[in-house]
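# Structural overview
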There are 2 protein chains.
Amino acid sequence: MKNYEVIYQAIESGILKGVYEAGAYLPSENKLRQTYHVSRDTIRKALSLLTANGYIQKIQGKGSLVLKREQLRFPVSGLTSYKELQNSYGYDSSTDVVSLKKIIIDKKMADVTGFEISSVCWELIRTRAIDQKKVILDKDILLTAIVPEMDTEIAKDSIYRYFENQLNLNIAFAEKEITIDALTNEDRDLLDLNQHDINIVSVKSRVFTSDARQFQYTESRHQVDKFRFFDFARRHPSTM
Amino acid sequence: MKNYEVIYQAIESGILKGVYEAGAYLPSENKLRQTYHVSRDTIRKALSLLTANGYIQKIQGKGSLVLKREQLRFPVSGLTSYKELQNSYGYDSSTDVVSLKKIIIDKKMADVTGFEISSVCWELIRTRAIDQKKVILDKDILLTAIVPEMDTEIAKDSIYRYFENQLNLNIAFAEKEITIDALTNEDRDLLDLNQHDINIVSVKSRVFTSDARQFQYTESRHQVDKFRFFDFARRHPSTM
DNA sequence: CAGTGGTCTAGACCACCAT
DNA sequence: TGGTGGTCTAGACCACTGA
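Criteria and cut-off values
- Residues numbered from 1 in each chain as written.
- Chains lettered and ligands numbered in written order.
- Predicted model: local features only at pLDDT ≥ 70, side-chain atom pairs only at ≥ 80, totals over all residues.
- Heavy atoms only, no water.
- Helix = DSSP H or I, 4+ residues; strand = E, 2+ residues; numbered from the N terminus.
- Contact = heavy atoms within 4.5 Å.
- Buried < 20%, exposed > 50% of the residue type's maximum accessible area, 1.4 Å probe, protein only.
- Polar contact = N/O pair within 3.5 Å; in protein donor to acceptor, adjacent residues only side chain to side chain.
- Near = heavy atom within 4 Å.

## Structural notes on the environment of Ala24(B)
All names here are of chain B. Along the polypeptide, Ala-24 turns up in the loop between α1 (3-16) and α2 (29-36). Sequence separation between Ala-24 and Thr-42 is 18 residues; the distance between their C-alpha atoms is 22 Å. Contact partners of Ala-24, with chain neighbours within four places excluded, come to Ser-64, Leu-65 and Val-66.

Quick look at the structure:
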């Protein structure tokens, strides 16, 4: 077995067993180098695997932060924004802002969104139309502490472009969950669905900055026959 | 801009523009090192990004093979096998083999599966039960050139375990597509669906070995309310 | 300022592939 | 055998963090 794989597994099991707790930092690369009697590059290879598999987030000048594990986690990756989805359907698409207001997170919303209770957030609801049909309903919750300003002009465009170009927000990773839900009345009101539809695809995600602070929760609801998720998957990131 | 990012983009655009054609090899790491006047590690960093993003497959002793691009490709990753899914639901699950036979790929199947016309393949159909309810229908097409032997005993267990432990098959990557389809009569016959269901989740994938040969096509059909896809996603693999 | 991670180098040896 | 990628080393310098 390769050195960096051994070290990867040692640290992984340390995280799983709670030796390294979520929210704390791993020993520094230098410490680990001494512990395992290997070069720094070998340590870095092990850590980059842990990063790729969602165990840690490295923060320059600070260390390797152990991430909270939400349930069991498949070793997968990929962000999908509306602007990316757009390309699947060409450019005959548009965005409508349904509502934009500030809200305060209560217990229930805290569980759903992952934000702390009594955080102040923007709540943004938009519909996305493809070929003049509204087929996607986007509900965004944005932490005002990180995104202080928001208006319908920005919301009509890509909020991600605003984050990255204007706010210099460094978006690092996201957790995403895809499920098939029953249609709600809100879905029926805001979208142009097919008569016979009874289901909708729900893509829920939590998005984090490079210093591992969550700033966004999104639920994106897609008409079932307009939904398509494409995935390129590697089995052993270790043997790249 | 960092050196390896510059090189990554140079090679990426070379692939996109067809300077490096799919099926051909990139210049060796040594050549690239000379071309860009950097160390081999810097080249390797750029290549590992190209690998992570699905552009190339490195093959030891041969080189970096440029992969065919199927449509646009999100920068995503992750394999999900039934055995992994199982963990979401605990271990009260079982597999039934519906049929297993050899088939020859015709034009239509070639388009669907990605295999060449007149390849000889195993066609394996199985149902997966959770809590005594059959909720997943798996249809596998396996290239006999790579998987010469298959029987219902193996198929009842994990075929992946057989691939990796018995055949020493090195599974490297997969392309996967998730869509929501209308129920077919076959779905109704073989699965224990809810009365009111009209949709089913279809996960289609093509699976490749580490020398970039496709050996499997799978369609996995999941009852909508039993389907859940969890994803951990990084925005900039470059800035790990 | 000291400590952390991020980038880059030059060189070594190994495993694998083709000839 | 020579060329390829895979692993590992020791050291350098930079960018960022926090006291």
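## Some points on the side chain of Thr51(B)
All names here are of chain B. Counting through the fold element by element, Thr-51 comes out in helix α3 (residues 40-52). Taking the relative accessible area as the measure of exposure, Thr-51 reaches 1% and is therefore buried. A distance of 2.8 Å separates a polar side-chain atom of Thr-51 from the backbone oxygen of Leu-47.

## Digging into the protein's contact with DNA strand D
Neighbouring DNA strand D are 25 residues; Asn3(A), Tyr4(A), Ser39(A), Thr42(A) and Arg40(B) lie closest to it. Here a phosphate oxygen of DNA strand D sits 2.6 Å away from a polar atom, N or O, in the main chain of Ser39(A). Note that a phosphate oxygen of DNA strand D is positioned 3.2 Å from one of the side-chain N or O atoms of Lys58(B). At four residues, helix α3 (residues 40-52) of chain A tops the list of elements feeding residues into the surface near DNA strand D.

## Remarks on the environment of Tyr55(B)
Residues and elements named next belong to chain B. The topology assignment puts Tyr-55 in the loop between α3 and β1 (56-59). Note: C-alpha distance between Tyr-55 and Leu-67 (12 residues apart in sequence) is 5.6 Å. Within the structure, the side chain of Tyr-55 is placed 2.7 Å from the side chain of Glu-12, a separation counted as a polar contact.

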